[in-house]
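Here's the letter readout for the chains.
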Amino acid sequence: MKVLFLARQLNIGGAERQLVTLANDLATRGHEIVIATYYPGGALAKKLDPKRVRLISLEKRSRWDLVTLFVKTLKVVREEQPTVLHGWMYTQNVVATLAKLFNPRIKLIWCVRSSNLESALDWAERLAVWLQAKLSRFADRVVVNSLAGLEQAVSDGLPRRKMLFIPNGIDTNIFYPNDNERKRVRAEWGIGEGQKVIGNVARFDPIKNHPLFLKAAARIAAQCPDVRFVCAGHGEASYLEQLKEQTRALGIEDRVLWLQARSDVRGLYNAIDVFCSSSLSEGFPNVIGEAMACGRQCVVTDVGDSALVVGETGIVVPSDDAEKLAAGLLEKLALETLNLRARQRILENFTVAQLGDKTENVLLQCVGRGDSRRAAPDLGRAEKVGPQVDA
């Protein structure tokens, strides 16, 4: 089949990394894959297989350049004539649907990749979510990458009968334990092998809840003078400065290392001892799966599918309790750094091959040649600090 993905951009981000991973995998299966992005470039564009995946830029000039965007999208769809047009998140789902109305023979798949984001969206984004619900009858299938996202989409008005749960795939050939990289990166940071490091990889955005992480870090720093903290991400410089000001107020400025996100983060995961996700909201958090694939101990907040991902290999805490987060991190710091159970969980449940198999089946369903069964594996329960709830 020929599949045309419609995406906003290919800058560093979880949704973008998954698109690149999926596009490369489907291309190796013999499908013709094209990605049309609103904006050109992006660090992850270099990760696409240039021999198998074509990348087209729609050259969107600004956020409000909507008429030109639609005209260019319609032109690309008409020229490419894909078997399946695949929107990648809500605004792209809306634009893809409008293009399908002019090309009714093309099958349409949507992708929903977030949950509980209403408080973080501006009015234009909330309008796109509302339009998505109103246009959902035109979608042939709606793929959701998290169970939390599925329930949120249903509450937003999307039809449950069209939804299929396909969790993200972690490339375990890219993310794996590597002691040489651990030593190299820690040397770059000026951190000795005997020191413990807790890491947080997330964009610098209020929804990622760095203040909670820093409050927990201050509690740990008061008890463990040798523990260091690493925060890697990207975002608004003004918000990053607010976070740095918080470290000064907490008295841990010299204990926290701030790093800009980069496309190759395997060395970072290997350099830390415990990975922490402190988010207020998640769908399927790629960073947790990547850290697990690298054999890291993980402590995560109980949002989205975070608990589902870590299962019994990690610790799950409330998203508003710095004391419990600190306790969970200290518990994991006391264990051996290498957590092979975490890597095994990724190998059993969240691989690129599984992502490709399930997505290919959805594509085949759309053209009437697939297995219509919808199955989600039993991924078990997660270890908790605090009230016990089902994963």
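Scroll up a little and you will see the structure.
Now for a description of the structure that goes with this document. (Residues numbered from 1 in each chain as written. Predicted model: local features only at pLDDT ≥ 70, side-chain atom pairs only at ≥ 80, totals over all residues. Heavy atoms only, no water.)

**Thoughts on the side chain of Glu80**
To be explicit about the condition: Strands are runs of DSSP state E lasting at least 2 residues, helices are runs of H or I lasting at least 4, and numbering of each runs from the N terminus. Each residue is placed in one exposure class: buried if its accessible area under a 1.4 Å probe, protein chains only, is under 20% of its type's maximum, exposed if it is over 50%, and partly exposed if it falls in between. Two N or O atoms count as a polar contact when they lie within 3.5 Å, although within protein this holds only if one can serve as hydrogen donor and the other as acceptor, and sequence-adjacent residues are included solely when both atoms are side-chain atoms. Only heavy atoms matter for contacts: two residues are in contact if any of them lie within 4.5 Å across the pair.
Position of Glu80 relative to the elements: it lies in helix α2 (residues 66-80). The class of Glu80 is buried, set by a relative accessible area of 12%. Engagement of the side chain of Glu80 in a polar contact is seen with the side chain of Arg54, the distance being 2.6 Å. Contacts of Glu80, omitting those with residues within four sequence positions, involve Lys2, Val34, Arg54 and Ile56.

**With respect to the pattern of salt bridges**
Quick reminder of the rule: Basic side-chain nitrogens of Lys or Arg form a salt bridge, by our definition, when they fall within 4 Å of a carboxyl oxygen of Asp or Glu.
This model, assessed by the stated rule, comprises 25 salt bridges. For the salt bridge of Lys2 with Glu32, the shortest nitrogen-to-oxygen distance reads 3.7 Å. Separated by 30 residues along the polypeptide, Lys2 in strand β1 (residues 2-7) and Glu32 in strand β2 (residues 32-37) bring together distant segments of the chain. By relative accessible area, which is 14% here, Lys2 ends up buried. Here Arg61 makes a salt bridge to Asp65, at a shortest N to O gap of 3.2 Å. By relative accessible area, Arg61 is classed as exposed at 65%. Here the salt bridges share partners, and the residues they tie into one network are Lys2, Glu32, Arg54 and Glu80.

**Here we look at the environment of Val274**
Relative to the helices and strands, Val274 resides in strand β11 (residues 274-277). For the pair Val274 and Gly233, spaced 41 residues apart in sequence, the C-alpha separation works out to 17 Å. With residues near it in sequence (within four places) discarded, Val274 still touches Val197, Ile198, Gly199, Gln297, Val299, Leu329, Lys332 and Leu333.

**A word on helix α10 (residues 286-293)**
Burial runs high along α10: eight of the eight residues are buried. Within α10, the full set of buried residues consists of Asn286, Val287, Ile288, Gly289, Glu290, Ala291, Met292 and Ala293. Residue Gly295 follows α10 closely and has a positive phi angle near 75°.

**Some remarks on the sheet that holds strand β7 (residues 163-165)**
Across a sheet, strands are paired by hydrogen bonds formed along the backbone, either parallel or antiparallel in direction. For clarity, the cut-off: When DSSP locates at least two bridges between a pair of strands, those strands are taken to pair. Orientation is described by lines fitted to C-alpha atoms, with helices fitted over the stretch in contact, and by angles between N-to-C directions that extend from 0 to 180 degrees.
If you walk across this open sheet you meet the seven strands as β3-β2-β1-β4-β5-β6-β7, and the pairing is parallel. Strand pairing shows two members of the sheet lacking a second neighbour, β3 (53-57) and β7, which therefore form its edges. Recorded for the sheet is a direction-independent mean angle of 25° between the axes of neighbouring strands. Examined bridge by bridge, β2 and β3 share five bridges and lie parallel to one another. Considered in β3, the bridge of Val34 is made with Arg54. On the sheet, helix α5 (residues 147-156) packs against β5 (107-112), β6 (141-144) and β7 and is oriented at approximately 165° with respect to β7.

**Describing the pairing of strand β8 (residues 197-201)**
Regular strands place side chains that alternate from one sheet face to the opposite one. Where we set the bar: Looking down the strands as they point away from you, a crossover is right-handed if its path from the first strand over the helix to the second goes clockwise.
Across the five residues of β8, five count as buried, placing the element largely inside the fold. The side-chain alternation of β8 yields two buried faces, one formed by Val197, Gly199 and Val201 and the other by Ile198 and Asn200. Pairing of β8 with strand β9 (residues 228-233), which is carried by five bridges, proceeds in the parallel orientation. Its bridge partner lying in β9, Ile198 is registered against Phe229. After leaving β8, the chain enters helix α7 (residues 210-223) and then returns to the sheet as β9, a path that is right-handed. In terms of strand pairing, β8 meets β11 through two bridges, oriented parallel. Paired with Gly199 across the two strands is Phe275, which belongs to β11.

**Considering the environment of Val265**
Its location among the elements puts Val265 in the loop between β10 (256-260) and α9 (266-271). Overall, the relative accessible area of 8% leaves Val265 in the buried class. Residues Val265 and Gly149 lie 116 residues apart in sequence; the distance between their C-alpha atoms is 26 Å. Setting aside residues no more than four positions away along its own chain, Val265 makes contact with Phe175 and Glu290.

**Considering the packing of α10 against helix α13 (residues 340-349)**
The relative placement of two packed helices comes down to the angle between their axes together with the axis-to-axis distance. Our working definition: Roughly parallel refers to an angle under 35 degrees, roughly antiparallel to one over 145, roughly perpendicular to one between 65 and 115, and oblique to any angle outside these ranges.
It is at 7 Å that the axes of α10 and α13 come closest, and there the two elements cross at 120°. Relative to α13, α10 is oriented oblique. Of the residues in α13, those touching α10 at Gly289, Met292 and Ala293 are Ala342, Arg343, Arg345 and Ile346.

So, to be careful, I would describe these as geometric facts and stop short of saying anything about function.
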